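# Notes for the structure review
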Amino acid sequence: MRIVILDNVYSPAEDSWQTAELLSWIVGNYVSNEEPRVIDVGSGTGVLALTALLSAMNKGRVAWIIAIDHDRSAAINTRINLANNGLYQYADVVSMNVLDAIRGGVRIDVIVSNPPYLPGSWDEDWRIFGGPDGNNVTRQLITHACGGNAS
């Protein structure tokens, strides 16, 4: 996997690679006659989207990927890394907030994210601070994913 990291895009850290390792196992062990459908929320450099695609391909499959980031630079960075790895045609990359544009009833097998989780102000650094409690972004993602209220 070749990764380019643009300025102002979160550089994959240990937690990113741990998430990628788990995702690789999940996609690699996916049991169905259909391709796995994966959404990467907060795609950043695209490491998780790339991991899902490569894991599926290692099993002779293709995955259906949507990579989402609210930051336009991160979405561009994801596109660059997909293209540099010859995988751009297998993923859709969009810039939006969490899962706002994903309609209900769409079959999604895996939602993966390595959201910012440290307590702190988004104004200080939205790439690492997940709001005053640290879990605000995670709660928003769960609320959207479950279609309800994550308290």
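Sequence order as written defines the numbering, with residues in each chain counted from 1. Where totals are concerned, whole chains, interfaces and linings use all residues; where local detail is concerned, this predicted model gives features only for residues with pLDDT of at least 70, and gives and counts side-chain atom pairs only at 80 or more. Values shown for side chains rest on all heavy atoms present in the structure; no hydrogens or waters enter the calculation.

## Observations regarding the sheet that holds strand E1 (residues 37-41)
- When DSSP finds two or more bridges between a pair of strands, those strands are recorded as paired. Think of it this way: any DSSP run of H or I at least four residues long counts as a helix, any run of E at least two long counts as a strand, and we number them from the N terminus. Pairing in this open sheet of 4 strands is parallel, and the strands run E3-E2-E1-E4 from one edge to the other. Since the sheet does not close on itself, it has two edges, and those belong to strand E3 (91-94) and strand E4 (110-113), each with one partner. Adjacent strand axes in the sheet meet at a mean angle of 15°, parallel and antiparallel pairs treated alike.
- Summarising the sheet, E1 and E4 pair through 4 bridges and their orientation is parallel. Opposite Asp40, over in E4, you have Val112 as the bridge partner.
- Against the sheet, helix H2 (residues 47-58) engages E1, strand E2 (64-68), E3 and E4, with an angle of about 175° to E2.
- Throughout, a contact is declared for two residues whenever any of their heavy atoms are within 4.5 Å. Here the axes come from fitting lines to C-alpha atoms, over the contacting stretch only for helices, and the angles between their N-to-C directions go from 0 to 180 degrees. Contacts from helix H3 (residues 72-84) reach E2 and E3, with the element oriented near 160° to E3.

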